[in-house]
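Below, each chain spelled out in residue letters.
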Amino acid sequence: MKTRVGIGYDSHRFAEGDAVILAGVRVAAPFRLVGHSDGDAIAHALTDAILGGAGIGDIGEMFPDSDPANKGRDSIEMLRLAVLRVRKAGWAAVQADVSVICERPKIGPHREEMRATIAQALGVDASAVMVKGKTNEKLGWIGKEKGLAVIAVATLEAL
Ligand code: MG
């Protein structure tokens, strides 16, 4: 069986607000994520991971900032469209692993809901998806709570 691995990274700044959207889940926080879309850094990193693994570009090419249709867009819908494009290229994402690096909000209490949302978008069982929260030990821009970063890895199998 032909297998590939893709990696994705994303970061978003915080601005005044009351919640962040991560993996399609609204999580209460004393800020929001700034972005052209809904700022869902998990969905963005995962989209890059599967597009990268399939060797078919990246999220910026597929959903340009310059396109008004992408303004405020639901990033889980963008991930679903990327899954379809990856399938057309002959690949299926079969597993994903995500690390969210931030001091706040805590990811653990929302993990199961995030896993379920991602699994549904990828068309896999939730047991094939993991979401992990890590602090940055109060170091640097993440430690100062100016924003958060996400690293995602996805395994793809040939259809
Ligand atoms: Mg992004």
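Structure shown above.
Engineer: What am I meant to see in the packing of helix α3 (residues 75-88) against helix α4 (residues 111-122) here?
Structural biologist: The description of two packed helices rests on the angle between their axes and on the distance between the axes. Contact geometry for α3 and α4: axes closest at 8 Å, N-to-C directions at 35°. Residue-level inspection shows I76, L79, R80 and V83 of α3 in contact with α4, the latter providing T117, Q120, A121 and L122. Class assignment of the residues belonging to the contact of α3 with α4 gives a composition of five nonpolar, two polar and one charged.

Engineer: Honestly, the sheet that holds strand β4 (residues 32-33) in this entry has me stumped. Any pointers?
Structural biologist: If you walk across this open sheet you meet the five strands as β4-β1-β7-β5-β6, and the pairing is mixed. Looking along the sheet, the strands with just one partner apiece sit at the ends: β4 and β6 (129-134). Two strands pair when backbone bridges link them, and strand β1 (residues 3-15) and strand β7 (residues 147-158) are joined in this way by eleven bridges, in the antiparallel orientation. Following the sheet pairing, I7 is matched in β7 by V153. Contacting β1, β5 (91-101), β6 and β7, helix α1 (residues 41-54) runs over the sheet at an angle of about 155° to β1.

Engineer: Teacher, can you tell me more about α1 here?
Structural biologist: One turn of an α-helix holds 3.6 residues; hence residues three or four places apart share an orientation. Taking 1.5 Å per residue, 14 residues should reach 20 Å; α1 reaches 20 Å between its end C-alpha atoms and fits that length. Backbone geometry just after α1 places G55 at a positive phi near 70°.

Engineer: Hey, could you run me through unusual backbone geometry in this one?
Structural biologist: Where the residue is not glycine, phi is negative for most of them; where a peptide bond is considered, it is trans in most cases. Residue P105 follows R104 across a cis peptide bond; omega there is -5°. Within the fold, P105 resides in the loop between β5 and α4. The backbone of K138 sits at a positive phi, close to 65°, despite the residue not being glycine. When you line up the elements, K138 lands in the loop between β6 and α5 (140-143). The class of K138 is exposed, set by a relative accessible area of 63%. Even without being a glycine, E145 presents a positive backbone phi close to 60°. Position of E145 relative to the elements: it lies in the loop between α5 and β7. A relative accessible area of 27% places E145 in the partly exposed class.

Engineer: Got a minute to help me understand the coordination of the magnesium ion in this structure?
Structural biologist: Each donor-metal-donor angle would ideally measure 109.5 degrees in four-coordinate tetrahedral geometry, or 90 or 180 degrees in six-coordinate octahedral geometry. At the metal site, the magnesium ion is ligated by D10 (OD), H12 (NE2) and H44 (ND1), and these contacts range over 2.1 to 2.2 Å. Counting residues between consecutive donors of the magnesium ion along the chain gives the motif D-x1-H-x31-H. Of the two residues, D10 is situated in strand β1 and H44 in helix α1; the sequence distance between them amounts to 34 residues. The residues D10 and H44 share a single accessibility class, namely buried.

Engineer: I'm lost on the layout of surface pockets in this one. Help?
Structural biologist: Empty space among the atoms can be located by rolling a probe the size of a water molecule over them. When its volume is computed, the largest pocket comes out at roughly 200 Å³. Around the largest pocket sit H12, G35, H36, S37, H44, I59, G60, F63, P64, D65, N70 and M78, which together line it. Split into classes, the residues belonging to the lining of the largest pocket amount to four nonpolar, seven polar and one charged.

Engineer: It is not clear to me how the side chain of R115 should be interpreted in this structure. Could you clarify?
Structural biologist: For R115, the location among the structural elements is in helix α4. On the accessibility criterion, R115 (12% relative accessible area) is buried. Among the polar contacts listed, one links the side chain of R115 to the backbone oxygen of A126, at a separation of 3.2 Å. Those residues in contact with R115 that lie beyond four places of it in its chain are A126, S127, V129, M130 and V131.

Rules used in this analysis
- Residues numbered from 1 in each chain as written.
- Predicted model: local features only at pLDDT ≥ 70, side-chain atom pairs only at ≥ 80, totals over all residues.
- Heavy atoms only, no water.
- Axes fitted to C-alpha atoms, helices over the stretch in contact; angles between N-to-C directions.
- Helix = DSSP H or I, 4+ residues; strand = E, 2+ residues; numbered from the N terminus.
- Contact = heavy atoms within 4.5 Å.
- Nonpolar A, V, L, I, M, F, W, Y, C, P; charged D, E, K, R; others polar.
- Pairing = 2+ DSSP bridges.
- Expected span 1.5 Å × (residues − 1).
- Buried < 20%, exposed > 50% of the residue type's maximum accessible area, 1.4 Å probe, protein only.
- Donors = N, O, S within 2.8 Å, 3.2 Å for Na, K, Ca; no water.
- 1 Å grid on protein atoms, 1.4 Å probe; cavity = no way out; pocket = protein on both sides within 12 Å on 5 of 7 lines; lining within 4 Å.
- Points joined across faces, edges and corners; volume = space filled by probe spheres on them.
- Polar contact = N/O pair within 3.5 Å; in protein donor to acceptor, adjacent residues only side chain to side chain.

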